[in-house]
Each structure stands twice: as C-alpha cells, then as structure tokens.
Amino acid sequence: MSIPPVVVTAARLGWRWQWQRLMGGLGPADGAGNYIRPTSDPLTPPALNPEELLQRSAGQRPMLVIGRSCPWAHRTWLVHQLRHLHDSVTLVMARADHNAGRWALTPAWEECETLLELYRHCGAPPSYRATVPVLVDPKTRTLLGNDSAPLVDLLNRWPQRGSAPELAPPESTDKIESWQQLLQPAVNDGVYRCGFARNQAAYDRAEAALFAALGAVEQSLESNGPWLCGASLTLADVRLFPTLIRWELVYAPLFGCSRRPLWHYPNLWDWRQRLYALPGVADTCDGDAWRHDYFGALFPLNPGGIVPAGPNLSTLVNSKAASG
Ligand SMILES: N[C@@H](CCC(=O)N[C@@H](CS)C(=O)NCC(=O)O)C(=O)O
C-alpha cells in the first residue's frame, strides 16, 4: 500500500524542522543559514613567548592536548613532529566520546576524565568551550592557548634540541599571513561552512569560495611552488594540510566538497604527497579515526551512523594525479 502524499509531505516538514534543531547542536548559523564557527575569548596573551612561559612553569614541560580526528589539533601535532618537540612538549591524546559529544581523557589527568574537567580544573570560566588543541602548563595549572593558528606559531618558536626546519622564516611572514587570511575562512573553515550550511544558498556560497581558493592555491603552486610560500615548507602549508588530507575520506563524501576531486589539481596533489612523505607526518594521519569520528559523531549529517569502508589513505597518497 502506498503512503498518501500528504503524509510524505508532513513527514518531510517534520524531519526538516527536527534537522534544523539538530544542526543547531553542531554550531550556530546566521539568519541566511551560513555556519558561524563559535568563538571563545582568546586564552593566549597577545605576545606569548616560550622563554616567558618556561620561566613561569619553572622549566616544566607544557602539555599539548590534541585529538586524532580534529584538523585544528592536527596542525599543532604536525609542528610538534616537524620541529622534534618530543622532549620539550608532552603530547596528550584525547579520545572523541561520540555518545557524550565530548573529549575524554584516558588515562585521566589530575583526576580530570574529560577535557571539560581539565578546562575547569585550570580555571576556565564555566561557559568556556573545551576544545582541542589546548596547551596546558601543568605546574601552574593554567591554559596557555587553545587556538591552533597562533599555537602553531608559538610551537614553531619553542626551544628544541638538534636541527629542525624553521617554519616561519622572516622573509615569508607576510606571505604566511596572507595565506592564513584567505585559507582559514575559505578552506579550513570553508569545508565546515559547506557541511554545516542550513540551506542550499548557504552551501552554494561556501562551496564557491572553497573551490575558488583551491584554484588560487593550485595556480600559486604551479608558478611559485613547490610550497605555498615558495622554496621552503612554512606554517602556511602546515595549516592547510590537515584539511586537504581529510578530503576524500570525510569532506568530499560527508560535507559535499565534491565538485572536483583533488586529483584534478595536479600541483596540489603533488604538494599533498610531498608533505605526507616528510618524516613524522604519516604518523599524524589516521584515516580510520577520521572516518569513525566524523561519520560517527556528526549525527545530523549521518543519522544512520554508517561509516564508509574507504577510501584507504595509503592509496591516495601513493598515486599519481590525473593529467589535465
Ligand atoms: N579555535 C580552535 C577551534 C578548535 C575546535 O573547534 N576543535 C573542535 C574539534 S575539531 C573541538 O574540540 N570541539 C569541541 C566543542 O566544540 O565542544 C582552533 O583553531 O584551534
């Protein structure tokens, strides 16, 4: 027996109403349906420098709390790896607890079993969002910063033993900043603006800005590569990589970033392979964790909870781009 059209229409309207409410749980939107990333007051003093911080904590190592699937945390993890900070900054991996919708700490730190408890323990105001990445001074129990863009800059200046690449050489500072101004809203946040858009027009705006920015990156790499700022790897590359390495696994299938596959951008494709091949970078990439956390946790985008089986990251980073 077929369902009467009026029942189908009512069910659709009811689901749509419910969906808008569920999407509100993922993040706020403006009146036109554009996703607006929630912000918290910055924790970081404006002129934070490693020497001052080390002095404050009597030389005790700070703790960098990250989560495997979070692209913002991934940026800080990359700098930790590339700058060989293993002996100077302790890395703590939080686990995404899908049912509770929060980050869990296993083992607990100072009896804090969740990131939220850690934030409160370190004096964050009750309304403060507990996000990764966060840099913590365990000696004074204070939060030193929880915004990935300035945190990578701070970690790049953190004293370490031995040689490591300088990711923000003075001659590239302006270029790094101008990439940040373009890519943070259009690409890093842009994929979320596509995925969390509340209507078609909001999605269309975000999607157009996203692919225009990818086009600009492709052109720049072609004329001035092999890295975003020219001859050497910088923080601009580090900030972009976590978004593009998740592309085929989560952003294209789940957030609708699928107008053109990345292999249609041969310079971008090679850039991603090159960065992935740098020592320590592959260790920061866990495709299974990304898939499980995104498809498992973002209920309004994937109510059935089914996690796709592929693609396998290794097949992507080891294959050639299409020509043309
Ligand atoms: N401003 C932050 C954003 C970090 C962020 O949104 N992290 C997400 C994970 S990808 C988070 O921890 N969300 C938890 C929440 O909002 O409660 C940055 O760039 O570091």
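Please read all numbers here as calculations on a predicted model, not as lab measurements.

## Let's talk about the overall build of the chain
1) Next: From N to C terminus, the chain includes 13 helices and six strands.
2) Next: Taken over the C-alpha trace, the chain has a radius of gyration of 21 Å; the compact-globule value for 324 residues is 20 Å, and the two agree within 12%.
3) Next: Counting only C-alpha atoms and orienting by the principal axes, one finds that the chain spans roughly 75 × 50 × 35 Å.
4) Next: Residue burial in the chain is summarised as follows: out of 324 residues, 46% are buried.
5) Next: For the chain, contacts bridging at least 24 residues in sequence account for 72% of all contacts bridging at least 6.
6) Next: Accessible surface, the chain as shown: approximately 15,500 Å² in total, 55% of it carbon and sulfur.
7) Next: Looking at the chain, you have 29 positive and 29 negative side-chain charges, and the mean spots of the two groups are 5 Å apart.

## A few points about the domain arrangement of the chain
A common way to express how large an interface is: the accessible area buried when the components associate.
1) Next: What the domain assignment lists for the chain is domain 1 (50-156) and domain 2 (170-317).
2) Next: Between domain 1 and domain 2, the C-alpha centre-to-centre distance is 23 Å.
3) Next: Facing the 18 residues of domain 1 at the interface are 29 residues of domain 2.
4) Next: Approximately 1,900 Å² of surface area, both sides summed, lies buried where domain 1 meets domain 2, with 64% of it carried by carbon and sulfur atoms.
5) Next: Taken together, the connections running from domain 1 to domain 2 amount to zero salt bridges.

## Notes on the side chain of Arg-198
1) Next: Its place among the elements puts Arg-198 in the loop between α7 (190-195) and α8 (200-224).
2) Next: An unpaired buried charge is present at Arg-198: no salt bridge exists, and Asp-30, the closest side chain of opposite charge, is 8.7 Å distant.
3) Next: For Arg-198, the contacting residues outside a window of four places in its chain are Arg-16, Trp-19, Gln-20, Met-23, Gly-24, Gly-27, Pro-28, Ala-29 and Gly-33.

## What to know about the pairing of strand β6 (residues 142-145)
1) Next: Here strand β5 (residues 134-137) pairs with β6 via three bridges, running antiparallel. Note on β6: the bridge partner recorded for Leu-135 is Gly-145.
2) Next: Turn length for the β5-β6 hairpin, with the two strands adjacent in sequence and antiparallel, is four residues, and the turn residue Arg-141 shows positive phi of about 50°.

Cut-off values and rules
Residues numbered from 1 in each chain as written. Predicted model: local features only at pLDDT ≥ 70, side-chain atom pairs only at ≥ 80, totals over all residues. Heavy atoms only, no water. Helix = DSSP H or I, 4+ residues; strand = E, 2+ residues; numbered from the N terminus. Rg over C-alpha atoms; globule rule 2.2 N^0.38 Å. Buried < 20%, exposed > 50% of the residue type's maximum accessible area, 1.4 Å probe, protein only. Contact = heavy atoms within 4.5 Å. Areas by Shrake-Rupley, 256 points an atom, 1.4 Å probe, with all protein chains shown as cover. Lys, Arg positive; Asp, Glu negative; His and termini not counted. Charge placed at Lys NZ, Arg CZ, Asp CG, Glu CD. Domains from an automatic or database assignment. Buried area = accessible area lost by both parts, 1.4 Å probe. Salt bridge = Lys/Arg side-chain N within 4 Å of Asp/Glu carboxyl O. Pairing = 2+ DSSP bridges.

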